[in-house]
Amino acid sequence: MIRYAYFPGCASESTALSTTLANNFVFGRIGIDLVEIKDWNCCGATSAHTLSEPLGLALPARSLAWAEKNLPELDVVTGCASCYARLKLTNYRVRQDESARYMVEKIIEAPYEAKREVYNFLDILSPADVRGRIEEQIVRRFKNLKAACYYGCLNIRPAEVTGAKDRENPQAMDELARLTGAEPVDWGFKTECCGAAHQNDAAFETRPLARRILENARACGADVILTACPMCQLNLEMRQAEYARKRKDEKRGKASFPLLDVVLPPPEKETIPVLSITELLALSMGAGSGRLRLDVHHVPVSGVLSKGFRDENESEVMI
Amino acid sequence: MAIDKTAGTAPGAMIGLSADGTEASAPKILAFCCNWCTYTGADLAGLNRMKYPANVRVVRVPCSGRVNPQFILRAFQKGADGVMVCGCHPGDCHYATGNYFTRRRFMLMRNLLEFNGIDPKRFHARWISGSEAAKFRDTIAEVAAQVSALGPNTRYREER
Amino acid sequence: MSKIGVFVCHCGTNISSVVDVYKVAEAAAQMPGVSYAAEYKYMCSEPGQQMILDAIKEHGLNRIVIAACSPRMHETTFRKMLKKSKINEYLLEIANIREQDAWVHPPGEEATEKAIDLVRMAVAKVAKNEPLKSSLIPITKKALVVGGGIAGIQAALDIADAGHEVVLLEREPSIGGRMVMLDKTFPTLDCSACISTPKMVDVSAHPNIKLLTYAEVAAVKGYIGNFTVTIRQKAKYVNQDICTGCGICEDKCPKKVTSEFNKGLSDRPAIYKLFPQAVPAKPVIDRETCLMLQNGKCGICAKVCPVEGCIDYEAKDVEYDEDFGAVILATGYKLVDWGGMYDEYGAGRYPDVIDGLTFERLVNASGPTEGHIQRPSDGKEPKTVVIVKCVGSRDPKKGKPYCSRACCMYAAKHAHQILDKIHGARVFIFYIDVRTPGKNYEEFYDQTRKDGAVYVRGRVSRIYSDGEGLVCQGEDTLLNKQVRVKADLVVLETAMEPNEGAGELTGLFGASRDVNGWIQEAHPKLRPVETQVGGVFLAGACQGPKDIPDTVAQASAAAAKVIGLLNQDEMETSPMIAAIDESKCSGCGACEPICPYRAITLETIRSREGRFTNAERVIAKVNAGLCQGCGACTVACRTGAIDLLGFRNAQILTEVDALWQ
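Residues numbered from 1 in each chain as written. Chains lettered and ligands numbered in written order. Predicted model: local features only at pLDDT ≥ 70, side-chain atom pairs only at ≥ 80, totals over all residues.

Asks: Could you give an account of the interface of chain C and chain B, with specific residues and numbers?
Replies: Taken together, the contacts link 35 residues of chain C with 34 residues of chain B. Elements represented by at least two residues in the side of chain C that touches chain B include exactly helix 4 (98-102), helix 5 (109-127), helix 17 (632-636) and helix 18 (649-659) of chain C. When its residues are assigned to classes, the side of chain C that touches chain B shows 16 nonpolar, 10 polar and nine charged. (Contact = placed C-beta atoms within 7 Å. Helix = DSSP H or I, 4+ residues; strand = E, 2+ residues; numbered from the N terminus. Nonpolar A, V, L, I, M, F, W, Y, C, P; charged D, E, K, R; others polar.)

Asks: Residues and numbers for the sheet that holds strand 12 (residues 226-233) of chain C, please.
Replies: Sheet strands line up and pair through hydrogen bonds in the backbone, either parallel or antiparallel. Residues and elements named next belong to chain C. In space, the three strands of this open sheet follow the order 11-12-17, with antiparallel pairing throughout. In this open sheet, the two edge strands, each paired with only one partner strand, are strand 11 (215-223) and strand 17 (318-324). For this sheet, the mean inter-axis angle between neighbouring strands, taken without regard to orientation, is 20°. Across seven bridges, the pairing between strand 12 and strand 17 is antiparallel. If you follow Val229 over to strand 17, its bridge partner there is Glu322. (Pairing = 2+ DSSP bridges. Axes fitted to C-alpha atoms, helices over the stretch in contact; angles between N-to-C directions.)

Asks: Report on the nonpolar core, specifying residues and quantitative values.
Replies: Nonpolar side chains tend toward joint burial in soluble globular proteins. All names here are of chain C. Ranked by size, the top nonpolar core spans 336 residues in total, and within it Val6, Ala67, Val119, Val123 and Ile328 carry the most contacts. It is helix 5 that provides the largest number of residues to this core, a total of 11 residues. Residues within four places of Ile328 in sequence aside, it is in contact with Ala143, Val145, Ala155, Phe537, Leu538, Ala539, Ala558 and Val562. In this structure, Tyr237, Ile285, Cys290 and Cys301 belong to the second largest nonpolar core, which totals 15 residues. (Core = buried A, V, L, I, M, F, W, Y, C linked by C-beta atoms within 7 Å. Buried ≥ 20, exposed ≤ 12 C-beta atoms within 10 Å, placed from the backbone.)

Asks: Report on the pairing of strand 1 (residues 29-34) of chain B, specifying residues and quantitative values.
Replies: Residue and element names in this part refer to chain B. In terms of burial, strand 1 is largely enclosed, as six of its six residues are buried. Burial along strand 1 is two-sided: the face carrying Ile29, Ala31 and Cys33 and the face carrying Leu30, Phe32 and Cys34 are both buried. As judged from the six bridges shared by strand 1 and strand 2 (residues 56-61), these two strands associate in the parallel manner. Pairing of Ile29 across the sheet is with Val56, part of strand 2. Handedness of the crossover joining strand 1 and strand 2 through helix 1 (residues 38-47): right-handed. (Right-handed = clockwise from strand over helix to strand, strands pointing away.)

Asks: How would you sum up the arrangement of the chains? Please name residues and give values.
Replies: Here the protein chains form two pairs of chains in contact, of which the pair with the most contacts is chains B and C. One finds no contact linking chain A with chain B; the least C-alpha distance across the pair is 25 Å.

Asks: Now, about the packing of helix 6 (residues 150-161) of chain C against helix 7 (residues 192-205) of chain C: what can you tell me, with residues and values included?
Replies: Residue and element names in this part refer to chain C. Close contact between helix 6 and helix 7 brings their axes to 10 Å; oriented N to C, the two are set at 50°. The angle between helix 6 and helix 7 places the two elements in the oblique class. The chirality of how helix 6 crosses helix 7 is left-handed. In this structure, helix 6 contributes Ile150, Ile153, Ala156 and Leu157 to the contact, and helix 7 contributes Ser196, Lys199, Met200, Asp202 and Val203. Of the residues belonging to the contact of helix 6 with helix 7, the class tally is six nonpolar, one polar and two charged. (Parallel < 35°, antiparallel > 145°, perpendicular 65-115°, else oblique. Left-handed = near helix turned anticlockwise from the far one by under 90°.)

Asks: Hey, could you go over the sheet that holds strand 26 (residues 481-487) of chain C for me, with residue numbers and the actual values?
Replies: Residues and elements named next belong to chain C. With antiparallel pairing, three strands are arranged side by side in an open sheet as 24-25-26. Two strands close off the open sheet at either side, each with one partner strand: strand 24 (460-465) and strand 26. Pairs of neighbouring strands in the sheet enclose a mean axial angle of 20°, with direction left out of account. Examined bridge by bridge, strand 25 (residues 470-476) and strand 26 share seven bridges and lie antiparallel to one another. Each bridged residue has a counterpart across the sheet, and for Cys472 the counterpart in strand 26 is Val485.

Asks: Describe the confidence of the model for chain A, naming the residues involved and giving the relevant values.
Replies: Close reading of the predicted structure is inappropriate where its pLDDT is low. Residues and elements named next belong to chain A. Per-residue pLDDT for chain A has a mean of 87; in total, 92% of the residues score no lower than 70. Segment residues 258-268 is flagged for pLDDT under 50; beyond a separation of four residues in sequence, or across chains, it makes 20 contacts in the model. In the predicted structure, residues 314-319 sits below a pLDDT of 50 and forms 10 contacts with residues beyond four places in sequence or in another chain. (pLDDT = per-residue confidence, 0-100.)

Structure (structure tokens):
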């Protein structure tokens, strides 16, 4: 049994409910035990660190310090890219800078030495032995499902902190998706920012960010976008209706986003389902859509499910 | 010979002159200057008729990297009130890398001097190029002022 | 027993108005070892010098101190003077009482006191001076030029025209370098091959030039005037003496591999000339891909060759030594491997994202498309082309910190060529700055804009596919807006970097390289074509990014330096160099890595050690031809075995001591 100290993050029981259910299903099947950090608190993303550096470091440090004291032999894992970025950066800063550590310890009134590593789900699902276990649990594989793997910015960047090797064209999620029978598409926006953090305060700047991700995924032939972060997930789903309206406006000649005159034509199809990578794995491991509460998605995922699964006995299985 | 009218007297340049009635305590400073940069800069200061304290004595060496720590120790042992090692700016060394050795030795030398009870403020390493006459003048004035403030170096002065 | 003469100069009133020169002379007369002291109005004048020479004779002086102006002014004057006497010219010291005393202090006691101190220091030092003799080293009157690009070609021709022998060495099967790959050259748009191939032919026809292609430098020994270079001639497998260059073998060769010269846009046979106008115009066999040489099954070229015995599969690489007096390094540049640096540009996944040199082959009349601009993926003529500048240049984070200098101009040239050749084409050029410092460069850039090239100030942040074609996304920093351009072809004007193997080659010659790997010039302004190593010069882009005019100018400058050196029969070396006391040397080798000129080597000698008459031990040796006399080694020596002649430890210490006597 592999064990990790688990930092769920605020989204886990609200907007990312279906992802959390899928996480529990997948990790239960492959034998990874997530031990929840007791009394964890908000990591501060995405406003704390922009307002105050000490606050931005102290918030994650409080939860990490608890894990360090009470689960000293476990590395920390979180399922949210924003949380991951904050936790990882706190670890990094505390290791790099003695004075930062001193400051943090004073604020949280507990010792914290950043002895253990912080991982995201892609990190812990990628090692060869874990992949082997996943493969053993896969009971059905998707048929003709083209997936655009969207890693998001914070799972990768800043590379000095995350240690990510392949910054522009990462492969970890593509390889996991392949296990489920999905075919990853080659597209251009794997690590581009979706603008989730500033959708409300800087809408004019950030709305086009998510839009171009969605449209490029569509243009490159994807049936589904896969994510590894509940923030990206929510952002990519929630805005789709708005973009559809905008495209309609543009067709009628009302330009929405100022661009050079040689812009892309907007894609024809209106929406694209967005699933987390663990949801896809869970489906492939046999979980039903009801159990995973896939109905909570803003964009219907029926497009994915209707693709159906390959069957070694020649007959197609519908869910 | 052109006289540079802009070349004035540096602040503190008169320190150590006999006019203030303390001629006995005028400090003696030994400066090892590399032939290609600082010695040339010192010559240029002369050409421009710049004025600086008269208590510096220059020893010409081909490169600041030629300055053996032994020379510096000997100067302090003999009673030098201050010692300077001056060379080309890092990256400009006539011999490519000589002043990098100087720079490293300087750090160690300061520790050694401190260990020996000699105030490291008596020892200076400076980069002065062949065109920096004013910097040479100002450096001498500054070091002379610092060394005067420390008083005479009697730590290892041989009693005769 | 030293009999020192001290001569104090008034320098008109330059010195004497500040320093009491009479008092200085009086004090000098009392100093230990001094047997004569005098003052005079102008020591450097004819009568002044005569006075010194007379005094030497009259008083039997054997060492001289002159208290006057800076040694940088008249040391050589007085050394020359001493050549007329019996005294060795190095038994002389100058006390600098003008620039560093009379001119920087007010008249009075203090200035005089300082002058006396300076004279005392000089007297103490001169007593320990020893006679030195500069040695003459012979010069081999032959130059080696490494690299057969336009820099090497120009340098070789210039040296050869001056009447000296030159060996031009090139590792590719033909000379020509990067320039022959280009289509047209900015700003005049004359055809690159038309102006460079005649020079290549000149090289092959010049009686003073020996052309070695497909050859490399294997090892280097020696120093200025006396280099021994081991040359490795790679086997060509085609007897170059009898080959007629008919080309039948190339047509019939069944093996096809990707052409390096055409940047992968076409294939070439395994037996090949680099390009049709290659010099020498005879093929070589690429042993890595030849079927016969790899697995012994083929031999077609030998069968079809009309000249008997011309193709020789048994040929072997040959190594031999040749002596040279001077060397020019002209190893040039290559373009960076942008794929590894810029994942956001597709890292090579999109065939229609190409670098500038590939575009040159695409637009070249003798290239694979015969000059029709066709994009690599489907051969269609691109209508919208995006040119991205500074890919890898001016990017310390991902690429190189420096500006590659030529890109602004060839980007403008590429834009011009696209607009000229493709009707209705649109060209967008993403740039950081436009730098056009050269004759007629700005005018060319201006014309390109008038022709219709759209300059967008900003970097391209991403190149991606929208399923149909490429999209370049970037920021227009003047509009402060994100822009996206759908492009049929993207040309990346990538950074130059030092050529493959240039580092190892530079190392063989003992020259150094800068942080970016370019060969380091001896001085950035005043010695731009020399390296730190005497007799080794550099030309062209191996020293840093350059365009063709600058490269050719530098090549001629390097050639002038070489001609100057080779015109001498012998060279005088400074005697003020490091010397080793073999009896003290323990052979520890601490001095060896410190020497910037690699003048110190460790050697094994046999000597008498106590009761062993033929004991073997290691000692350091100084090469007089290489040593420049900096003295860095003397400080590293633990036993004090190395000393610097003219600036011995004892001499400097005695100067220090003299101050407190």
